[in-house]
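# Topology and contacts: notes
Below are the chains, spelled out letter by letter.
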Amino acid sequence: MVDAKIAAALAVQRREITEYYVYSALAKICKDPGNAAVLQNIADEEKKHAQFWQNKTGTEAKPSRFKIFHTVLRARILGLTFTLKQMEKTEKKISLATGNLAEHFPGADTIMRDEADHEKKLINMLDEERLRYAGSVVLGLNDALVELTGSLAGFTLALGNTRLISLAGLVTGVSASFSMAASEFLSCRAENDPRAAKSALYTGIAYVITVAILILPFLLLPNKFAALGITLLAAVLIILVFNYYLATARDLDFKSRFLEMTAISIGVALLSFGIGFILNKVLGV
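Residues numbered from 1 in each chain as written. Predicted model: local features only at pLDDT ≥ 70, side-chain atom pairs only at ≥ 80, totals over all residues. Heavy atoms only, no water.

As a further point, take the overall build of the protein. Scanning the protein for helices and strands turns up 11 helices and 0 strands. Reading the protein from its N terminus to its C terminus gives the helix and strand order α-α-α-α-α-α-α-α-α-α-α. A buried classification covers 44% of the 285 residues belonging to the protein. Counting contacts in the protein only where the partners sit at least 6 residues apart, residues at least 24 apart contribute 77% of the total. Accessible surface computed for the protein: about 15,100 Å², of which carbon and sulfur atoms make up 65%. (Helix = DSSP H or I, 4+ residues; strand = E, 2+ residues; numbered from the N terminus. Buried < 20%, exposed > 50% of the residue type's maximum accessible area, 1.4 Å probe, protein only. Contact = heavy atoms within 4.5 Å. Areas by Shrake-Rupley, 256 points an atom, 1.4 Å probe, with all protein chains shown as cover.)

Next up on the list: the nonpolar core. With 27 residues, the main nonpolar core has Leu-141, Leu-145, Leu-148, Leu-152, Tyr-207, Leu-214 and Phe-218 as its most contacted residues. Counting only elements with at least two residues in this core, the list comes to α7 (134-158), α8 (162-190), α9 (196-220), α10 (224-250) and α11 (254-283). It is α10 that provides the largest number of residues to this core, a total of 8 residues. If sequence neighbours within four positions are ignored, Tyr-207 has contacts with Gly-140, Asp-143, Ala-144, Glu-147, Gly-173, Ala-176, Ser-177 and Met-180. (Core = buried A, V, L, I, M, F, W, Y, C linked by side-chain atoms within 4.5 Å.)

Helical periodicity: at 3.6 residues per turn, an α-helix aligns residues three or four positions apart in one direction. With 27 residues, α10 should cover 39 Å at 1.5 Å per step; its first-to-last C-alpha distance of 38 Å lies within 8% of that length. By the N-cap criterion, in which a side-chain oxygen at the helix start approaches the backbone nitrogen of a residue two or three places on, α10 is capped by Asn-223, the distance to Phe-225 being 2.9 Å. A positive phi of about 55° marks Asp-251, the residue just after α10. (Expected span 1.5 Å × (residues − 1). Polar contact = N/O pair within 3.5 Å; in protein donor to acceptor, adjacent residues only side chain to side chain.)

This part covers the packing of aromatic side chains. This model, assessed by the stated rule, comprises 4 aromatic pairs. Residues Phe-52 and Trp-53 carry aromatic rings whose centres are separated by 5.1 Å and whose planes lie at 85° to one another, so their mutual orientation is edge-to-face. Across this residue pair, the class does not change: Phe-52 and Trp-53 are buried. With centroids separated by 5.7 Å and ring planes inclined at 15°, the aromatic side chains of Phe-254 and Phe-258 adopt a geometry described as stacked. Here Phe-254 and its partner Phe-258 are both found in helix α11, 4 residues apart, which amounts to about one turn of the helix. Given a relative accessible area of 26%, Phe-254 falls into the partly exposed group. Phe-258 gets classed as buried once you look at its relative accessible area, which sits at 17%. An aromatic cluster of at least three residues, connected via ring pairs, comprises Tyr-244, Phe-254 and Phe-258. One cation-aromatic arrangement involves Arg-65 over Tyr-21; the distance from NZ or CZ to the ring centre is 5.3 Å. (Phe/Tyr/Trp six-rings, centres within 6.5 Å; stacked < 30°, edge-to-face > 60°. Lys NZ or Arg CZ within 6 Å of the ring centre and 35° of its normal.)

Bringing α8 into the picture now. The terminal C-alpha atoms of α8 lie 41 Å apart, and with 29 residues this matches the ideal 42 Å at 1.5 Å per residue to within 8%. A distance of 3.1 Å separates the backbone nitrogen of Arg-163 from a side-chain oxygen at the start of α8, and that oxygen is part of Asn-161. A positive backbone phi angle near 55° is found at Asn-192, which sits one or two residues after α8.

Below, the structure is given as structure tokens:
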């Protein structure tokens, strides 16, 4: 029977060698030379740690090919920073579970402590384009959510059917996306920001994608109230997913940001719904 302490050490060793291959693979697919160097630096550290544990266990651990595959795939889809921050959180949990190994393996406490500190510093050195323009995405996303949920809620009572509502919403949304992109461009140019064009592009794309998602229920469902309900649910899900992504990648407070953005979007929608109701009664449309 394998000693429990050796088994625990082998588990840590397997994690370390797996992460060596993960970081090496991420370094190879990374287009930015600076980020690639950071990732390879982390990979080299992981290899040293794996060798430390191999010296203690006397066994060569095999990496988890599945973890390597799905981590690299996640990084391709969601970005390096988000993926690495998630890995960092997982590692903290594992470190807590294996902290007692230091009592039995001299040097383990230093290895684990240095690893956590070093990796965090290296990860914070990463410079990823999608996060540099996060402010522009927030601008487009937030404005689309607030303006369009409000407009669609008002149109639901003021107009007759879902086709008419979706048409009005689409015209409003597309026009507003161009307006927001132009405003972001002019704002950045006024501050002599060389990234003005890209900032405007990110703002406009975020706005258009949000508009498409929010209007889709009105194109698919004949019942306008059911479509509005699904649209509001979709708005909450967009806020949830985006804020979770941003909070993870930038170490921000997820709960407060999610609640604030949700309250504003739903609040404006309810207010617009009320205005639509009043106009419907007063004008008899």
